[in-house]
Amino acid sequence: MLHIVESVALGFAERMVAKALNSGPAPIAGPGGGAWQANAISRILHNPVYEGWQVAPRRGNPKGRFQPYPDNEGNLVSVFAEGVEPIPPDLMARARQVAAGQAFTTPEQAGRIGTVTQLLTDSVKCRGCRGGASPDSKNYRCWRAIQGVPCDAPVSVTRSVLETYVTEAWFTKMNTAQPDDPILQIAAERWAGLQQEPADAERMAKAVSALKAAEAGVERLAKQQANGFFDPPFDTHLPRLQVEARAALAKAKKEVAEATPKQLDVSFLMEDATIRASWEEAALPLRRDLLRLVPRRVVVTKGRRGYNVFDGDERVEIHWLDSPDPWASALTPEDLEQAA
């Protein structure tokens, strides 16, 4: 599971990882023995068991999603044997963060998945329930309210005014960035990741797997040496094995470096004239990709009754990726899946 999480953290979309696992001369069987699906990758990212915690079905959840299981004193219960390491929390957090911004990849891939006609589809969240806000012909509306599910303050906002406000905020965010601003680093990394084709995802998955095997080989050799496995007369084999292990490790590191998505030049995003010119020339799928480079989500508050003028500064809060996630501590795995 580690290489799955690492692949997503490096910028590969969940469906690309699934396709890589299903392809090649030796495809890897998915859950239940069938083919991998993107939603299976998402469940791995949001299942606490891979972080080492015992899980239990979330009460009242017909989809069977899980939550950490606390003991009678409220402490989380570990399921790993002593010495077994879970997936590093920072790596898992990075993978979840990356997956949350990958509703679509390149325009060509988006076309294969289906046509999306709204600029902020999957990005708008309702402040009242933290669920999604679904677009219709004129508005973005709290999907829970649409489905008849209770929401304390269901949002409804005119689609055109919200899209204009968010686009202008994005222009401003990028135009005011300095050359060494972390936001440009994030934009470059995510833009490079969006350009990766399924073949590149497969190559990356294999390279990461080979690297892990090479690292394990070096560690195993060191432990054998420490335990006297290569004491005389068997010490004559040790130099050759060490050279082979180091060569395998160096080769694997090189393959990972070559397969890692390369940063692209996003300096055009720093000038108002060039960014607006690029925006005007871009089709909707490309605009969606550009707009998702640095915002984590767009949170909209319910408007005041009888107040028909849209005040974006009052009603809209954009969570940018270069700042700590204000929802991170309160989000459940279920919420994170909905935000993805």
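Scoring rules and cut-offs
Residues numbered from 1 in each chain as written. Predicted model: local features only at pLDDT ≥ 70, side-chain atom pairs only at ≥ 80, totals over all residues. Heavy atoms only, no water. Pairing = 2+ DSSP bridges. Helix = DSSP H or I, 4+ residues; strand = E, 2+ residues; numbered from the N terminus. Buried < 20%, exposed > 50% of the residue type's maximum accessible area, 1.4 Å probe, protein only. Polar contact = N/O pair within 3.5 Å; in protein donor to acceptor, adjacent residues only side chain to side chain. Contact = heavy atoms within 4.5 Å. Axes fitted to C-alpha atoms, helices over the stretch in contact; angles between N-to-C directions. Core = buried A, V, L, I, M, F, W, Y, C linked by side-chain atoms within 4.5 Å. Salt bridge = Lys/Arg side-chain N within 4 Å of Asp/Glu carboxyl O.

J.: Please set out the pairing of strand β5 (residues 139-142) residue by residue, giving values where relevant.
T.: Examined bridge by bridge, strand β4 (residues 133-135) and β5 share three bridges and lie antiparallel to one another. The partner of S134 across the bridge, within β5, is R141. Turn length for the β4-β5 hairpin, with the two strands adjacent in sequence and antiparallel, is three residues. Two elements, β5 and strand β6 (residues 156-158), share three bridges in a ladder whose sense is antiparallel. Within the sheet, the bridge partner assigned to N139 lies in β6 and is T158.

J.: Run through the side chain of E6, naming residues and quoting values.
T.: Among the secondary structure elements, E6 is positioned in helix α1 (residues 2-9). Its relative accessible area of 14% is what places E6 among the buried residues. Polar side-chain contacts of E6 include one of 3.2 Å to the side chain of K212. Here E6 is in contact with L91, V208 and K212, once residues within four sequence places are set aside.

J.: Outline the pairing of strand β7 (residues 295-300), supporting the account with residue identities and numerical values.
T.: In terms of burial, β7 is largely enclosed, as six of its six residues are buried. Relative to β7, strand β3 (residues 124-126) runs parallel, the two being bridged by three bridges. Residue pairing for β7: K125 is matched across the bridge by V299.

J.: Explain the sheet that holds β3 to me, using residue names and the numbers behind them.
T.: Read from one edge of the open sheet, three strands run β3-β7-β8, paired in mixed fashion. Both edges of this open sheet fall to β3 and β8 (316-320), since each of them pairs with a single strand only. Each neighbouring strand pair of the sheet contributes to a mean axis angle of 30 degrees, computed without reference to strand direction. Here helix α7 (residues 159-175) sits on the sheet and contacts β3, β7 and β8; the angle it forms with β8, its principal contact strand, is near 40 degrees.

J.: For the nonpolar core, give the residues involved together with the corresponding values.
T.: Ranked by size, the top nonpolar core spans 31 residues in total, and within it L162, W170, V294 and V300 carry the most contacts. Of all the secondary structure elements, the ones that give two or more residues to this core are β3, β5, α7, α8 (182-194), α11 (272-281), α12 (284-291), β7 and β8. In terms of residue count, α7 provides more of this core than any other element does, five residues in total. Formed by 20 residues, the second largest nonpolar core is a distinct cluster that contains I4, F12, A40 and I41.

J.: Would you mind going over the pattern of salt bridges in detail, with residue names and values included?
T.: In the structure shown here, the tally under the stated rule is 11 salt bridges. Of the charged contacts in the structure, one is a salt bridge between E168 and R276, with a shortest N-O distance of 2.9 Å. Pair noted here: E168 is in helix α7 and R276 is in helix α11, with a separation of 108 residues, a long-range link. We note a salt bridge from R304 to E314, for which the minimum N-O separation is 3.5 Å. Taken together, the residues R304 in the loop between β7 and α13 (312-315) and E314 in helix α13 connect sequence positions 10 residues apart.

J.: Hey, could you go over the sheet that holds β4 for me, with residue numbers and the actual values?
T.: Taking strand neighbours across the sheet as the criterion, the three strands line up as β4-β5-β6 in an open arrangement whose pairing is antiparallel. Bordering the open sheet on either side are β4 and β6, each of which pairs with just one other strand. Here the average twist between neighbouring strands, direction ignored, is 20 degrees. The strands touched by α7 within the sheet are β5 and β6, with β6 carrying the most contacts at an inclination of about 75 degrees.

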